[in-house]
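Each chain, letter by letter, is given below.
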Amino acid sequence: MNALLTRADVAQILGVTAWTVDDLRRRGILASIEFGPRRHRYLHEDVLSLIQNRRRAG
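Residues numbered from 1 in each chain as written. Predicted model: local features only at pLDDT ≥ 70, side-chain atom pairs only at ≥ 80, totals over all residues. Heavy atoms only, no water.

> What is the right way to read helix α1 (residues 7–14) from this model?
In an α-helix, one turn spans 3.6 residues, which is why side chains three or four residues apart end up on the same side. For α1, the full list of buried residues reads Val10, Ala11 and Leu14. Along the axis of α1, the buried positions cluster into a sector of 100°, meaning they face one direction only. Structural note: α1 exposes Ala8 and Gln12 on the side pointing more than 90 degrees away from its buried face. Here the buried face of α1 lies against β1 (4–5), α2 (18–26), β3 (40–43) and α3 (44–57). Positive phi appears at Gly15, one or two residues downstream of α1, with a value of about 75°. (Buried < 20%, exposed > 50% of the residue type's maximum accessible area, 1.4 Å probe, protein only. Helix = DSSP H or I, 4+ residues; strand = E, 2+ residues; numbered from the N terminus. Arc of directions from axis to C-beta. Contact = heavy atoms within 4.5 Å.)

> How do you make sense of the environment of Leu48 when you look at a structure like this?
If you trace the backbone, Leu48 turns up in helix α3. The sequence separation of Leu48 and Leu14 amounts to 34 residues, and the corresponding C-alpha distance is 9.2 Å.

> In this structure, what is going on with the packing of α1 against α2? I would like to understand it.
Geometry of a packed helix pair, given as the angle between the helix axes and the separation of the axes. Contact geometry for α1 and α2: axes closest at 8 Å, N-to-C directions at 100°. Between α1 and α2, the angle falls in the class roughly perpendicular. Seen from α1, the contacting residues are Arg7, Val10, Ala11 and Leu14; seen from α2, they are Ala18, Val21, Asp22 and Leu24. Considered class by class, the residues forming the contact of α1 with α2 number six nonpolar, no polar and two charged. (Axes fitted to C-alpha atoms, helices over the stretch in contact; angles between N-to-C directions. Parallel < 35°, antiparallel > 145°, perpendicular 65-115°, else oblique. Nonpolar A, V, L, I, M, F, W, Y, C, P; charged D, E, K, R; others polar.)

> Looking at this structure, how should I read the pairing of β3?
On a regular strand, one side chain projects to one face of the sheet and the next to the other, so that they alternate. Alternating positions in β3 separate cleanly, His40 and Tyr42 being buried on one face and Arg41 and Leu43 remaining unburied on the opposite face. Direction of pairing for β1 relative to β3: antiparallel, over a ladder of two bridges. Paired with Leu4 across the two strands is Leu43, which belongs to β3. Of the strand pairs in this sheet, strand β2 (residues 33–34) and β3 are connected by two bridges, and their pairing is antiparallel. Across the sheet, Glu34 pairs through a bridge with His40, a residue of β3. Hairpin remark: β2 followed by β3, antiparallel, with five residues in the connecting loop; positive phi at Gly36, about 110°. (Pairing = 2+ DSSP bridges.)

Structural data, given as structure tokens:
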């Protein structure tokens, strides 16, 4: 599944705020595809990888 997710989608999946998603993107932890100013989309696979890495670390 290679769906594109919005910032709100990612925040809901991760259980964090939208600002946290922005922070993860700025820090290079979560890659995004830019669709213009302030319009980022995230790959479903990348979000799942982030969740899996958090589980391994925690």
